[in-house]
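Residue-level structural notes
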Amino acid sequence: MTSPTETLKDPEVPTTLGEQLLLLSLDDESGTARETARVAPAIAAAALVELSLAGRVDVTDEKVTVVDATPLGEPALDAALETVGGGDEPGTAKDWIERLKTDAVTRANTGLIDKGLVREERKKVLGLFPVRRYPEADGSVEAAVRRRLEAVVLDGAAPDERTASLIALLHGAKLHRLAFPDADARRVVAAMESVSQGQWSAAAVRHVVKAAEDALAVIVAVTAATTVVTTV
């Protein structure tokens, strides 16, 4: 069974898929988060995917169900597992992503801080409004994530199931530019689409990934439409 975390360079610095998504979204120097409306549900969806990879959840009749409630030892994932397992009734992937996204970014930030990959800076805007920023403290993990994504998406390397899952999440949330800001957009989107539809893992895992990807697409579309309406 796949570990809930993977080591990209240093065996002492494992990261979850949600933490990797957040690293891609944070500006290295300022620590400012980008695409927050899309990143939050993507990190929530990543938790469901992680739980599936670890054999903790499955999707049956479009509902996410817990098949093994054993904790994984990763705080953010264990919290998500407890939330899904403690629901009054089974929900769809979209239902759980909507519920989990409230705390998803905060938990991912906490994980990155605890692992020494970002540091927290607290400031006040105009001397009044408190804000928090998370500039990079150790860039090795993000660099390794980007190399792996480039190898698969740009160079055509065969993905392992975690890299393929990350690509599917980025694709579903339309976060292509976070991973490939300078590459040809059409090429990147086409390659990510191909990977997300590939046979890179067990059917049960791909079922959960597909459900999460489809749910993300709906959430992102609704968010975009709402943003347009409220800003016109």
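Refer to the structure printed above.
Before going into details, it helps to say that this report is about the structure given with it. These numbers come from a predicted model, not from an experiment. (Residues numbered from 1 in each chain as written. Predicted model: local features only at pLDDT ≥ 70, side-chain atom pairs only at ≥ 80, totals over all residues. Heavy atoms only, no water.)

Further remarks concern the overall build of the protein. On a plain count of helices and strands, the protein comes out with nine helices and six strands. The C-alpha atoms of the protein give 17 Å as radius of gyration, which agrees with the globular expectation for 232 residues (17 Å, within 12%). Over its C-alpha atoms, taken along the principal directions, the protein stretches across nearly 50 × 45 × 45 Å. Split into buried and exposed, the 232 residues of the protein put 45% on the buried side. Long-range pairs, those at least 24 residues apart, make up 63% of the contacts in the protein with a sequence separation of at least 6. (Helix = DSSP H or I, 4+ residues; strand = E, 2+ residues; numbered from the N terminus. Rg over C-alpha atoms; globule rule 2.2 N^0.38 Å. Buried < 20%, exposed > 50% of the residue type's maximum accessible area, 1.4 Å probe, protein only. Contact = heavy atoms within 4.5 Å.)

Before going further, it helps to spend a moment on the nonpolar core. In this structure, Leu-149 and Leu-170 are the most contacted members of the largest nonpolar core, which totals 67 residues. Broken down by element, this core gets its largest block of residues, eleven residues, from helix H2 (residues 36-53). (Core = buried A, V, L, I, M, F, W, Y, C linked by side-chain atoms within 4.5 Å.)

When its volume is computed, the largest pocket comes out at roughly 160 Å³. Per-element tally for the lining of the largest pocket: the top contributor is helix H9 (residues 203-231), with six residues. When grouped by side-chain class, the residues that make up the lining of the largest pocket number three nonpolar, six polar and five charged. (1 Å grid on protein atoms, 1.4 Å probe; cavity = no way out; pocket = protein on both sides within 12 Å on 5 of 7 lines; lining within 4 Å. Points joined across faces, edges and corners; volume = space filled by probe spheres on them. Nonpolar A, V, L, I, M, F, W, Y, C, P; charged D, E, K, R; others polar.)

A surface patch of nonpolar side chains, amounting to about 450 Å² of accessible area, comprises Val-125, Leu-126, Leu-128 and Phe-129. Mapped onto the secondary structure, Phe-129 falls in strand S6 (residues 129-133). (Patch = residues over 30% accessible without salt bridge, like charges linked within 9 Å, V, L, I, M, F, W, Y side chains within 5 Å. Areas by Shrake-Rupley, 256 points an atom, 1.4 Å probe, with all protein chains shown as cover. Salt bridge = Lys/Arg side-chain N within 4 Å of Asp/Glu carboxyl O.)

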